[in-house]
Amino acid sequence: MKILLDFDGVMITTPTWQKVDHLEDGFMAFNESCVENLARVLAITQADIVLTTTHRIHYNEKEWQQIFYTREIIADRISKVNQARTFTDLSIRCLEVLEWVTANPNENYVIIDDDKSLRDLPIEIKVRWVETQFHQGLTEECSKQALNILLSDD
């Protein structure tokens with residue numbers, strides 16, 4: 001199982017007019033209730049995380065493991081949706097997700113993201129998308145929706 005995960009609007013919900021707090025590792029703090037909700041999904045599903053966030057280009061997978069661990073999120077495996085290394089390497093989120101799904105046709109996955117470009121995904125992929133709201137992030141309701149998607153394939 002895989003969770004295709006964004007950060008801004010999913011784990012980071014600080015309004016744009018406020019300064020985002022950073023932890024001692026230098027990366028932004030996650031909303032505590034969003035952390036609890038993601039941790040619950042991970043505990044139940046043992047899913048791996050696939051980073052779709054644009055922040056993915058700044059750290060390697062081992063560094064991401066530590067960033068998640070510092071925020072009390074335990075994931076066995078963290079990977080990236082693609083190998084983009086700079087902002088110019090990034091594509092529209094919808095295309096990046098579509099390419100990942102095409103390359104992983106038998107994977108059980110959920111997409112947790114607030115990016116509106118995902119509305120253009122084919123319906124068979126879009127039904128696996130949990131659309132969050134920027135200032136709310138991964139709510140309890142969204143986490144239940146993610147669990148329903150992941151567990152319905154078992």
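As a reminder, the structure under discussion sits directly above these lines.
Not measured: the values here are computed from a predicted model.

Calculation criteria
Residues numbered from 1 in each chain as written. Predicted model: local features only at pLDDT ≥ 70, side-chain atom pairs only at ≥ 80, totals over all residues. Heavy atoms only, no water. Pairing = 2+ DSSP bridges. Helix = DSSP H or I, 4+ residues; strand = E, 2+ residues; numbered from the N terminus. Axes fitted to C-alpha atoms, helices over the stretch in contact; angles between N-to-C directions. Buried < 20%, exposed > 50% of the residue type's maximum accessible area, 1.4 Å probe, protein only. Contact = heavy atoms within 4.5 Å. Polar contact = N/O pair within 3.5 Å; in protein donor to acceptor, adjacent residues only side chain to side chain. Expected span 1.5 Å × (residues − 1). Arc of directions from axis to C-beta. Core = buried A, V, L, I, M, F, W, Y, C linked by side-chain atoms within 4.5 Å.

A. Region of interest: the sheet that holds strand E4 (residues 109–113). The five strands are arranged E3-E2-E1-E4-E5 in an open sheet whose pairing can be described as parallel. For this open sheet the edge positions go to strand E3 (78–80) and strand E5 (129–131), each flanked by a neighbour on one side alone. The average angle at which neighbouring strand axes cross in this sheet is 25 degrees, direction not considered. As paired elements, strand E1 (residues 2–5) and E4 share four bridges and run parallel to each other.

B. How the structure looks around the environment of Thr-45. One can find Thr-45 in helix H1 (residues 32–45). Judged by relative accessible area, Thr-45 falls into the buried class, the value being 8%. Through-space distance from the C-alpha of Thr-45 to that of Trp-17 is 35 Å; in sequence the pair is 28 residues apart. Setting aside anything within four residues of it in sequence, one finds Thr-45 in contact with Met-1, Leu-147, Leu-150 and Leu-151. Within the structure, the side chain of Thr-45 is placed 2.7 Å from the backbone oxygen of Val-41, a separation counted as a polar contact.

C. Region of interest: the side chain of Thr-132. With respect to the secondary-structure elements, Thr-132 resides in the loop between E5 and helix H5 (140–151). For Thr-132, the contacting residues outside a window of four places in its chain are Gly-9, Val-10, Ile-112, Asp-113, Asp-114, Lys-116, Gly-137, Leu-138 and Cys-142.

D. Inspection of H5 at higher detail. Between the first and last C-alpha of H5 there are 16 Å, a value that for 12 residues agrees with the 16 Å anticipated at 1.5 Å per step. By the burial criterion, the buried members of H5 are Cys-142, Ser-143, Ala-146, Leu-147, Ile-149 and Leu-150. Buried residues along H5 cover an arc of 160 degrees about the axis, so they all sit on one side. Along H5, the residues that are exposed and aim more than 90 degrees away from the buried face are Glu-141 and Asn-148. Where H5 is buried, its residues touch E1, H1, E4 and E5.

E. Representation of the side chain of Arg-71 in the model. Its location among the elements puts Arg-71 in the loop between helix H2 (61–70) and E3. The class for Arg-71 is buried, based on a relative accessible area of 6%. Polar contacts involving the side chain of Arg-71 include one to the side chain of Asp-25, which spans 2.7 Å. In this structure the side chain of Arg-71 is engaged in a polar contact, spanning 3.0 Å, whose partner is the backbone oxygen of Met-28. Sequence-distant contacts of Arg-71, that is, excluding residues within four places in its chain, are made with Leu-23, Asp-25, Phe-27, Met-28, Ala-29, Phe-30 and Val-35.

F. How the structure looks around the nonpolar core. Grouped together as the largest cluster of nonpolar side chains are 33 residues, with contacts concentrated most on Ile-3, Leu-5, Phe-7, Met-11, Leu-38, Phe-68 and Ile-112. Once residues within four sequence positions are removed from consideration, Phe-7 is found in contact with Ile-12, Phe-27, Phe-30, Leu-51, Thr-53, His-55, Trp-64 and Phe-68.

G. The environment of Val-10, seen in detail. Mapped onto the secondary structure, Val-10 falls in the loop between E1 and H1. Through-space distance from the C-alpha of Val-10 to that of Leu-38 is 9.7 Å; in sequence the pair is 28 residues apart. When neighbours within four sequence positions are excluded, Val-10 is seen to be in contact with Leu-5, Cys-34, Ile-112, Asp-113, Asp-114, Thr-132, Gly-137 and Leu-138.

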